[in-house]
Amino acid sequence: MDKKAIERRINELREQINYHNYLYYVLDSPEISDAEYDKLMQELVKLENTYPDLIAPDSPTQRIGAPPLEEFQSVTHTLPMLSLSNTETEEETLEFDRRIKRFLHLPESESIEYVTEPKLDGLAVEVVYEGGRLRVGSTRGDGFTGEDVTLNLRTIRTIPLNLLKKHEPTPEKLEVRGEVFIRVRDFRELNQQREENGEPFFANPRNAAAGSLRQLDSKITAKRPLDIFFYGIGEVMGHRFETHWEILNTLRGWGLKTNPLNKVCHGIHEAIDFYKEIGGMRDSLDYEIDGVVIKVNRLDLQERLGTVARSPRWAVAYKFEPRQATTKILKIEAQVGRTGILTPVAIMEPVRIGGVTVSRSTLHNQDEIDRKDVRAGDWVLVQRAGDVIPEVVKVITSKRTGKEIPYRLPDKCPVCGSNVLKEDVYYRCIGMNCPAQLKERIRHFASRRAMDIEGLGEKLTEQLVDKGLVKNISDIYYLTKEQIAGLERMADKSARNIIDAVEGSKGRELPRVIYALGIRHVGEQIGKILAQQFGSIERLMSAMEEDLQAIDTIGPEIARSVVQFFNQKNNIKEIERLREAGVAFPPLSKIQSEKLKGKVFVFTGALKFFSRDEAKDRVESVGGHVASSVSKNTDFVIAGEEPGSKASKARELGVTILTEDEFLKML
Ligand code: IVH
């Protein structure tokens, strides 16, 4: 391709990608699959990498952020960004409608056409397009002057870098306004990441959105899941509108995302119905809203109505009940989750927040308690966002009496009394039989790659624990067929199968058993290494941190976790009980013969003695390895019951076929 042709292809790709972005982000109805989209993007990236002089700042590849700024420049809005006056009751909203009619000298019986929109709780921005290209983006600031956050806004995928030309001719100039926000689910994930990094939490999605947008380093903004709904315009040149509804539709046609819930209402009663309908959806929406905006649709009427102070007479924010309230913390407790993590929870005097009574609120972790200095007895501001667990926003220190008691998470588990392992901001109970974690630990113990007890799934575990038949993991080995058959949806035969599966698991080799114990940081691989190095569970149990750290792959965190686990008396007791029950902890057989070293095995058909994973372990323990298909490099095909096409392939290629018994003998 010559340079001209490459340039043409690049432009074509950019246009296609922009169009598919629009379908995906704005209309929510993509026409191509993610994979097809990725292909277009990859082709563009490749061409731009080869011809860097053809990279344009508005290419869809350029949303990754720019070098950090020292400070934000200020931007003066051509037309001020107004705020809205509020109503809180139906009566006040009816009065808003009556006032409009009085002002316009219309009879009360006349009905005004309104556009109603959910009022997003994020932060307002203005984006300026000239000749269809994004030039400047700014925050609302004080309404007259805001901060230049162009680089940050450019990283938001729902803000087009170029207006779409498909439906409408582009205006010479367009100042468009909208609300930047973060979805509740993304907010929760962001906070979780921050918890893992030991960073302070964002109090709510609004703060998270504001904090993300006001970053001097746009590369950070680029990583934050910001989104936008556009809801209005500032100065526009080269296009005329008659109604607000027409504005919204045209914006959408230009590729600017508007809220699909927006609606035209005939008369104030329909607008009030919309408010009620959206209010009912508030908890199930995935973004935060704090009311409904009601706007006169006709722009000539808007003009006649004008503004008072800094709010237009033609619009109002009909607010929902606030999602914050103050209440008193009665006490602080540690709650143990199913993975053993201790979470501090404030037990509060019950208080209504946005229609729901709240009496518990998460305090997240010790760092957050310390940062906010929350004490038992404190008066606090509590908030609820979407369906997120209520949170303490801050302490009302002016209400302190001096009797408030600071809180520290305990170093013993409040449920089972075991020691608590501290790791970064997490406090975790290490008790193997901690009732709070028992179901989760049994699920792990019985899982396929651990003890592989077929049939002992989530539902059965649930019943066994709830009925008190299993209080410790080792109790699994004392269950009788009659006990299991007595449970819901358990036929005699399935009960028998489970007893057999439990029995069969007693011989699982040491690496699997170590993994099954659920020691923090000890996954399958580390389980194998520990088994190889120590050879028996007893030797592992008496290992010191130094012994463990002397092993290549074992770092201080794993070493500490293993030692703490075996220092816990009730864990040792449980391992003894497992032994008494017949769990054998057999060490992994050493690579006994060099004869099978490097040999390639393929399995086909159902095996009687092993699961596929076990068979694989056994082959590896003698130095061989397992492949999934037969080729001329295959040394042995092991044929179980009803072997498949692999056996015929082996015959064709003259590969040795062994029965499972022959395979066993060979091992
Ligand atoms: S219209 C003159 N529409 O509410 C009208 N505002 O107090 C100006 N907001 O700063 C705003 N959703 O941040 C409008 N659909 C919506 C909105 C909305 C959220 C925010 C916006 C504005 C504030 C007004």
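Higher on the page you've got the structure.
Residues numbered from 1 in each chain as written. Predicted model: local features only at pLDDT ≥ 70, side-chain atom pairs only at ≥ 80, totals over all residues. Heavy atoms only, no water.

**Section: the pattern of salt bridges**
So, point 1. This structure, assessed with the given rule, holds 48 salt bridges.
So, point 2. Here Lys 319 ties to Asp 290 by a salt bridge, and the two come within 3.8 Å at their closest N and O atoms. Residue Lys 319 is located in strand 13 (residues 315-319), and its partner Asp 290 is located in strand 10 (residues 289-296); the two are separated by 29 residues in the primary sequence.
So, point 3. Judged by its relative accessible area of 15%, Asp 290 falls in the buried class.
So, point 4. One connected set of salt bridges, linked through shared partners, spans Arg 183, Arg 185, Asp 227, Lys 257 and Asp 286. (Salt bridge = Lys/Arg side-chain N within 4 Å of Asp/Glu carboxyl O. Helix = DSSP H or I, 4+ residues; strand = E, 2+ residues; numbered from the N terminus. Buried < 20%, exposed > 50% of the residue type's maximum accessible area, 1.4 Å probe, protein only.)

**Some details on the pairing of strand 10**
In summary, the side chains of a regular strand alternate between the two faces of the sheet.
So, point 1. Judged by how many residues are buried, strand 10 sits mostly within the fold: eight of eight residues are covered.
So, point 2. Sheet analysis places strand 3 (residues 113-120) next to strand 10, joined by seven bridges and oriented antiparallel. By the bridge assignment for strand 10, Glu 117 is matched with Val 293.
So, point 3. As defined by bridge partners, strand 10 adjoins strand 13 across five bridges and the pair is classed as antiparallel. Considered in strand 13, the bridge of Val 292 is made with Tyr 318. (Pairing = 2+ DSSP bridges.)

**Looking at the nonpolar core**
So, point 1. Counting residues in hydrophobic clusters, the biggest one holds 56 residues, and the most contacted among them are Tyr 477, Leu 530, Leu 548 and Phe 566.
So, point 2. When contributions to this core are tallied by element, the ones reaching two or more residues are helix 12 (438-446), helix 13 (458-466), helix 15 (492-504), helix 16 (510-516), helix 17 (524-534), helix 18 (537-541), helix 20 (556-567) and helix 21 (569-580).
So, point 3. By residue number, the principal contributor to this core is helix 20, which donates six residues.
So, point 4. Contact partners of Phe 566, with chain neighbours within four places excluded, come to Leu 517, Ile 519, Ile 537, Leu 540, Met 541, Ile 572 and Ile 575.
So, point 5. With 33 residues, the next largest nonpolar core counts Val 180, Phe 202, Leu 213 and Val 236 among its residues. (Core = buried A, V, L, I, M, F, W, Y, C linked by side-chain atoms within 4.5 Å. Contact = heavy atoms within 4.5 Å.)

**Overview of the sheet that holds strand 5 (residues 133-139)**
So, point 1. Taken together, the four strands give an open sheet; going across it, the order is 5-4-7-8, and neighbouring strands pair in antiparallel fashion. Of all strands in the sheet, those bounded by a partner on one side alone are strand 5 and strand 8 (226-237). The sheet shows a mean angle of 25° between the axes of neighbouring strands, taken without regard to direction.
So, point 2. Alignment of strand 4 (residues 123-130) against strand 5, held across six bridges, turns out to be antiparallel. Paired with Val 128 across the strands is Val 136, a residue of strand 5. (Axes fitted to C-alpha atoms, helices over the stretch in contact; angles between N-to-C directions.)

**Describing unusual backbone geometry**
So, point 1. Phi angles above zero are rare outside glycine, and His 364 is one such case at about 70°.
So, point 2. By the element assignment, His 364 lies in the loop between strand 16 (356-362) and helix 11 (366-372).
So, point 3. Unusually for a residue other than glycine, Arg 489 sits at a positive phi of about 50°.
So, point 4. Take Arg 489: it is sitting in the loop between helix 14 (481-485) and helix 15.
So, point 5. What makes Arg 489 exposed here is its relative accessible area of 71%.

**Describing the sheet that holds strand 26 (residues 656-659)**
So, point 1. Taken in spatial order, the four strands make up an open sheet running 24-23-25-26, and their pairing is parallel. The open sheet has two edge strands, strand 24 (625-627) and strand 26, and neither has a second partner. Strand after strand, the sheet turns through a mean of 35° between neighbouring axes, direction not considered.
So, point 2. Looking at chain direction, strand 25 (residues 636-639) and strand 26 are connected through four bridges and run parallel. Counterpart to Phe 636 in the pairing with strand 26 is Thr 656.
So, point 3. Helix 23 (residues 645-653) contacts strand 23 (600-604), strand 25 and strand 26 of the sheet and is inclined by roughly 135° relative to strand 23.

**As for the packing of helix 1 (residues 3-26) against helix 2 (residues 34-50)**
So, point 1. In contact at an axis separation of 10 Å, helix 1 and helix 2 are set at 145° when each is read in the N-to-C sense. Where helix 1 crosses over helix 2, the two elements pack in a sense that is left-handed. Contact residues: Ile 6, Arg 9, Ile 10, Leu 13, Arg 14, Gln 16, Ile 17, His 20, Asn 21 and Tyr 24 in helix 1; Asp 34, Tyr 37, Leu 40, Met 41, Glu 43, Leu 44, Leu 47 and Glu 48 in helix 2.
So, point 2. When its residues are assigned to classes, the contact of helix 1 with helix 2 shows 10 nonpolar, three polar and five charged. (Left-handed = near helix turned anticlockwise from the far one by under 90°. Nonpolar A, V, L, I, M, F, W, Y, C, P; charged D, E, K, R; others polar.)

**Comments concerning the pairing of strand 22 (residues 426-429)**
So, point 1. Of the two faces of strand 22, the one carrying Tyr 426 and Arg 428 and the one carrying Tyr 427 and Cys 429 are both buried.
So, point 2. Bridge analysis of strand 21 (residues 420-423) against strand 22 gives four bridges, and the strand direction is antiparallel. Residue pairing in the sheet places Glu 423 in a bridge with Tyr 426 of strand 22.
So, point 3. Here strand 21 hands over to strand 22 after two residues, with Asp 424 in that stretch at a positive phi of 45°.

**Comments concerning helix 22 (residues 612-621)**
So, point 1. Along helix 22, the residues classified as buried are Asp 613, Glu 614, Ala 615, Asp 617, Val 619 and Ser 621.
So, point 2. In this structure, the buried side of helix 22 is in contact with helix 16, helix 17, strand 23, strand 24 and helix 24 (660-666).
So, point 3. Downstream of helix 22 by a residue or two, Gly 623 has a phi angle that is positive, lying close to 90°.

**Observations regarding the site of the ligand**
So, point 1. Taken together, the neighbourhood of the ligand is formed by 15 residues, with Leu 84, Glu 117, Glu 179, Tyr 231 and Lys 295 sitting nearest.
So, point 2. Take Glu 117: an N or O atom from its side chain is 2.7 Å from a nitrogen atom of the ligand.
So, point 3. Between Lys 295 and the ligand, the recorded distance is 3.0 Å, taken from a side-chain N or O atom to a nitrogen atom.
So, point 4. When residues of the shell around the ligand are traced back to their parent elements, those giving at least two are strand 3 and strand 10.
So, point 5. Here the shell around the ligand takes four residues from strand 3, the largest share from any one element.
So, point 6. For the shell around the ligand, the class distribution of residues is nine nonpolar, one polar and five charged. (Near = heavy atom within 4 Å. Polar contact = N/O pair within 3.5 Å; in protein donor to acceptor, adjacent residues only side chain to side chain.)

**A look at the packing of helix 12 against helix 13**
So, point 1. Relative orientation of the contacting elements helix 12 and helix 13 amounts to 135°, with a least axis distance of 10 Å. As the angle between them shows, helix 12 and helix 13 are arranged oblique. Once helix 12 is placed against helix 13, the crossing between them reads as right-handed. Facing helix 12, whose interface residues are Leu 438, Lys 439 and Ile 442, helix 13 presents Thr 461, Glu 462, Val 465 and Asp 466.
So, point 2. Tallied by class, the residues present in the contact of helix 12 with helix 13 amount to three nonpolar, one polar and three charged. (Parallel < 35°, antiparallel > 145°, perpendicular 65-115°, else oblique.)

**Structural notes on the side chain of Thr 116**
So, point 1. With respect to the secondary-structure elements, Thr 116 resides in strand 3.
So, point 2. When residues no more than four places from it in sequence are discounted, the contact partners of Thr 116 are Asn 262, Lys 263, Cys 265, Ala 271, Phe 274, Val 292, Val 293 and Ile 294.

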